[in-house]
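Residue-level listing of the chains:
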Amino acid sequence: RAKTLAKRMEEIALHMNFGVLYDKKRHHLFIGYDYSKGRFSESYYDMLMSEARLTSYVAMAKGDVEAEHFSHLARRYGEDGKVLLSWSGTLFEYVLPELFMPSPYGSALYDSIFEMLKIQMDARAGRPWGVSESGYNDYDDNLNYKYKAFGLKSLAVRRMEGDDNVVAPYASIMASNHLPQNVYENMEKMTELGVEGKYGYYEAIDYTPGSKGIVESFMAHHVGMALCGMANLLFDSVVSRNFSNMAMMRPVSVML
């Protein structure tokens, strides 16, 4: 069943055409297309340090997007010049592409990711670390947990307002292959706080005044990213190794 599913997924991927969303004048991918209005979005995926980096690599590898696209992705450094900024300052933006295509040692991407993890850990103030987009301890009209991007202001181009303080276990686990001992100790702390549930760790711990509590839900894509991070640690980078060894991905990896 797994092999059959993998074959179906590969066929679907190979038939996708990212070129439809590519603006050749700006050298960026549109965020989307509004079919009802018949027009592309006014915004682009234009930052190197974002989860969209993975889409860019796949699009270039398939030949849907020109290689020149990579050099046009924005590279904005923070005030200290040590870390490339992301849009929202979430751990997810930095580490998701790393699950599949890890950055080479000593590269700007590699250094920025480890600097980001250091900043994440320094910001914890005695609490677990791992700030990313997640659910939080408030409800919508249907009594579902609300959801938004939580990021660190020192890592973000678009700095969020307010003093929300939410920690997402999945974000830390994604970095298992980067800082295994730190992640292990972080998860032990979360276990002590009662953040474990039926399917692993719950979505988040909300420390925001007035809404403190554990967000007792599970999101499939967050659990999936955490599993990929653990698999890379426990099985010799199995996810990134197999992805990077795909014939169409090997030529693109030089861009890292």
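The structure displayed is predicted, hence computed values, not measured ones.

## Let's talk about the overall build of the chain
Part 1 of the reasoning: The number of helices and strands found in the chain is 9 helices and 12 strands.
Part 2 of the reasoning: The C-alpha atoms of the chain give 19 Å as radius of gyration, which agrees with the globular expectation for 256 residues (18 Å, within 12%).
Part 3 of the reasoning: Summarising its shape, the C-alpha atoms of the chain cover approximately 50 × 40 × 40 Å along the three principal directions.
Part 4 of the reasoning: Taking all 256 residues of the chain together, 43% fall into the buried category.

## Describing a nonpolar patch on the surface
Part 1 of the reasoning: On the surface, a nonpolar cluster with roughly 490 Å² of combined accessible area is contributed by L227, M230, L233, L234 and F235.
Part 2 of the reasoning: Among the secondary structure elements, L227 is positioned in helix α8 (residues 220–234).

## A few points about the sheet that holds strand β2 (residues 28–30)
Part 1 of the reasoning: Across the sheet, 3 strands lie side by side as β1-β2-β5; this open sheet has antiparallel pairing. Because the sheet does not close on itself, it has two edges, and the strands there are β1 (22–23) and β5 (44–45).
Part 2 of the reasoning: Summarising the sheet, β1 and β2 pair through 2 bridges and their orientation is antiparallel. The residue bridging Y22 from the neighbouring strand is L29, located in β2.

## Description of the pairing of strand β7 (residues 145–148)
Two faces belong to every sheet, and in a regular strand the side chains alternate between them.
Part 1 of the reasoning: Pairing analysis gives 4 bridges linking strand β6 (residues 134–139) to β7, with the strands arranged antiparallel. Residue Y136 lies in a different strand from β7, and its bridge partner there is K146.
Part 2 of the reasoning: Taking the residues that link successive antiparallel strands as the turn, the β6-β7 hairpin has 5 residues, and the phi of L143 there is positive, at about 65 degrees.

## Re the layout of surface pockets
Part 1 of the reasoning: There is about 710 Å³ of room inside the largest pocket.
Part 2 of the reasoning: Lining the largest pocket are 17 residues, with M9, E10, A13, F243 and M246 positioned closest to its centre.
Part 3 of the reasoning: Those elements giving two or more residues to the lining of the largest pocket turn out to be α1 (2–15), α2 (52–62) and α9 (238–244).
Part 4 of the reasoning: For the lining of the largest pocket, the element with the highest residue contribution is α1, accounting for 6 residues.
Part 5 of the reasoning: Of the residues in the lining of the largest pocket, the class split is 14 nonpolar, 2 polar and 1 charged.

## A word on the sheet that holds strand β11 (residues 204–206)
Part 1 of the reasoning: Judged by pairing direction, the sheet is antiparallel, and its 3 strands sit side by side in the order β8-β11-β12 without closing on themselves. If you trace the sheet from one side to the other, it starts and ends with β8 (166–167) and β12 (213–215), each paired once.
Part 2 of the reasoning: Both β8 and β11 contribute to a ladder of 2 bridges, which runs antiparallel. Bridge assignment links V166 to a residue of β11, and that residue is D206.

Basis of the calculations
- Residues numbered from 1 in each chain as written.
- Predicted model: local features only at pLDDT ≥ 70, side-chain atom pairs only at ≥ 80, totals over all residues.
- Heavy atoms only, no water.
- Helix = DSSP H or I, 4+ residues; strand = E, 2+ residues; numbered from the N terminus.
- Rg over C-alpha atoms; globule rule 2.2 N^0.38 Å.
- Buried < 20%, exposed > 50% of the residue type's maximum accessible area, 1.4 Å probe, protein only.
- Patch = residues over 30% accessible without salt bridge, like charges linked within 9 Å, V, L, I, M, F, W, Y side chains within 5 Å.
- Areas by Shrake-Rupley, 256 points an atom, 1.4 Å probe, with all protein chains shown as cover.
- Salt bridge = Lys/Arg side-chain N within 4 Å of Asp/Glu carboxyl O.
- Pairing = 2+ DSSP bridges.
- 1 Å grid on protein atoms, 1.4 Å probe; cavity = no way out; pocket = protein on both sides within 12 Å on 5 of 7 lines; lining within 4 Å.
- Points joined across faces, edges and corners; volume = space filled by probe spheres on them.
- Nonpolar A, V, L, I, M, F, W, Y, C, P; charged D, E, K, R; others polar.

By themselves, these are just geometric observations and shouldn't be taken as functional.
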